[in-house]
Amino acid sequence: MEFICFSDLHISPTTREKSAYVLAHITEDILSRLPDAIVCVGDIGTFDSHNKKSDLFQTSEVAEERKSVADVLCTHLFKPLSDYNDRRREMKKKLYKPTIVFCLGNHDKLEHRWFKGFFEAVSKRIGIDIIVADNKELIWVDDVCFSHTFDKGISGVAHTTCAGLLKDLHCSCVQGHRHVREVAEDRTLEGNKIFCICLPAATTDRPIWAYSGATKWDTGWLRLTTGGGEPHYEFMEVEDGGV
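Just checking my understanding: could you explain the sheet that holds strand β1 (residues 2-6) for this structure?
Hydrogen bonds between backbone atoms are what pair the strands of a sheet, whose relative direction is either parallel or antiparallel. Taken together, the six strands give an open sheet; going across it, the order is β4-β3-β2-β1-β10-β11, and neighbouring strands pair in mixed fashion. With partners counted over all chains shown, the strands left at the sheet margins are β4 (130-133) and β11 (232-236), one partner each. Here the average twist between neighbouring strands, direction ignored, is 15°. Sheet topology places β1 next to strand β10 (residues 221-225); four bridges connect them, and they run antiparallel. Across the sheet, residue Ile4 finds its bridge partner in β10, namely Arg223. Set on the sheet, helix α1 (residues 16-33) makes contact with β1, β2 (37-40), β10 and β11; between it and β1 the angle comes to about 180°. Along the sheet, helix α2 (residues 60-90) contacts β2, β3 (99-103) and β4; its crossing angle with β3, the most-contacted strand, is approximately 160°.

Here you go:
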């Protein structure tokens, strides 16, 4: 099974141009490879207005943040997918209907009702099912577990290394959140390779800071292939840095 995975778009009114630029490149990769699954593992938006201690944050500011997220996703992901299928329909070819998963991250969790309504409307419009997972909810696709973060036991604290997460879960998993590119590998008792991958942030138009002591965010997206032998993964990046 082939996946294209990305994380931490952090779309906002002030970062939407950079997010749109990178998402357009991700979508170009999707339409050139036609993966079986498209997975975003969280922090789709930024929703900084939720951090403001004001009774007014639910009004104009959050509405503008929602509009930015909807515009970028629809213009640079969902419309190209729909247009591609329209061309295939005209040629009487089988439509492209990948598994699409959006995991909500810590920046998205207070907007989970809005996201679920938005993705339901988009799904009906483009004719492709979209799975929406709440923050920290685990979603399985072809023996790979996806989530924005994975917590340690009952502590509620997120794992900070792929090696530690792989040791605890002992299954193949993909996460975001930490904004760094990291991979750990192990083998099951049967000799099958399992992996844990931390995805880089899709964009960097935010303060130059990252988890794990890094001085800047890693950026890009992931091509992942599973089944039929050893898993294969390749990190991709927009070379010119965008706008």
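I'm lost on the packing of aromatic side chains in this one. Help?
Tallying each qualifying case throughout the model produces 12 aromatic pairs. On the numbers, 6.3 Å between centres and 90° between planes, the contact of Tyr84 with Tyr96 is edge-to-face. With Tyr84 in helix α2 and Tyr96 in the loop between α2 and β3, this residue pair connects regions lying 12 residues apart in the sequence. For the pair formed by Tyr84 and Tyr96, the shared burial category is buried. The side chain of Arg181 reaches across the aromatic face of Phe235, ending 5.2 Å from its centre.

Looking at this structure, I do not really get the side chain of His159. What am I missing?
One can find His159 in the loop between β6 (144-146) and α4 (162-169). Classification of His159 by relative accessible area gives buried; the value is 6%. Apart from residues lying up to four places away in sequence, His159 is in contact with Phe150, Asp151, Lys152, Gly164, Leu165, Asp168 and Arg178.

Explain the nonpolar core here, please?
Considering soluble globular proteins, one finds that nonpolar side chains tend to be buried as a cluster. Phe6, Ile44, Leu73, Phe78, Phe102 and Phe119 are the most contacted members of the largest nonpolar core, which has 39 residues in total. Where this core is concerned, the elements lending two or more residues are β1, α1, β2, α2, β3, α3 (112-126) and β4. Among the elements that take part in this core, α2 stands out by supplying nine residues, more than any other. Apart from residues lying up to four places away in sequence, Ile44 is in contact with Leu9, His10, Ile11, Val69, Leu73, Phe102, Cys103, Leu104, Asp108, Phe115 and Phe119. The next biggest cluster of nonpolar side chains, apart from the first, holds 19 residues, and it includes Val39, Ile139, Val144 and Leu199.

Sorry, what's going on with unusual backbone geometry here?
Excluding glycine, residues mostly carry a negative phi; peptide bonds, for their part, are mostly trans. Phi at His10 is positive, roughly 50°, even though this residue is not glycine. For His10, the location among the structural elements is in the loop between β1 and α1. The class of His10 is buried, set by a relative accessible area of 1%. In the Ramachandran plot, His170 falls in the positive-phi region, its phi being about 50° despite a non-glycine side chain. Among the secondary structure elements, His170 is positioned in the loop between α4 and β7 (173-175). Classification of His170 by relative accessible area gives partly exposed; the value is 38%.

What is the right way to read α3 from this model?
Since the α-helix packs 3.6 residues into each turn, any two residues three or four apart lie on the same face. Helix length check: α3 (15 residues) gives 21 Å between terminal C-alpha atoms against 21 Å at 1.5 Å per residue, within 8%. Those residues of α3 that fall on the buried side of the exposure criterion are Trp114, Phe115, Phe118, Phe119, Val122, Ser123 and Ile126. Seen along its axis, α3 keeps its buried residues to an arc of 160°; they face one direction. Exposed residues lying more than 90 degrees from the buried face of α3 are Arg113 and Lys124. On its buried face, α3 is in contact with α2, β3 and β4. The positive-phi residue at the C-terminal boundary of α3 is Gly127, with phi of around 75°.

Which parts of the structure should I look at to understand the pattern of salt bridges?
Opposite charge on two side chains lets them pair, provided their charged atoms get close. Taken as a whole and judged by the stated rule, the model has 16 salt bridges. Glu2 is the salt-bridge partner of Arg33, the closest N and O atoms lying 2.7 Å from each other. Of the two residues, Arg33 is situated in helix α1 and Glu2 in strand β1; the sequence distance between them amounts to 31 residues. Arg33 gets classed as partly exposed once you look at its relative accessible area, which sits at 34%. Residue Glu2 is classed as buried on the basis of its relative accessible area, which comes to 17%. The salt bridge involving Lys79 is made with Asp83; its shortest N-O contact spans 2.8 Å. With Lys79 and Asp83 both in helix α2, this residue pair falls four residues apart, about one helical turn. Classification of Asp83 as partly exposed rests on a relative accessible area of 28%. Counted as one network, the salt bridges with shared partners bring together Glu185, Arg187, Lys193 and Glu230.

Rules and cut-offs
Residues numbered from 1 in each chain as written. Predicted model: local features only at pLDDT ≥ 70, side-chain atom pairs only at ≥ 80, totals over all residues. Heavy atoms only, no water. Pairing = 2+ DSSP bridges. Helix = DSSP H or I, 4+ residues; strand = E, 2+ residues; numbered from the N terminus. Axes fitted to C-alpha atoms, helices over the stretch in contact; angles between N-to-C directions. Contact = heavy atoms within 4.5 Å. Phe/Tyr/Trp six-rings, centres within 6.5 Å; stacked < 30°, edge-to-face > 60°. Buried < 20%, exposed > 50% of the residue type's maximum accessible area, 1.4 Å probe, protein only. Lys NZ or Arg CZ within 6 Å of the ring centre and 35° of its normal. Core = buried A, V, L, I, M, F, W, Y, C linked by side-chain atoms within 4.5 Å. Expected span 1.5 Å × (residues − 1). Arc of directions from axis to C-beta. Salt bridge = Lys/Arg side-chain N within 4 Å of Asp/Glu carboxyl O.

Function cannot be inferred from these measures alone, as they are strictly geometric.
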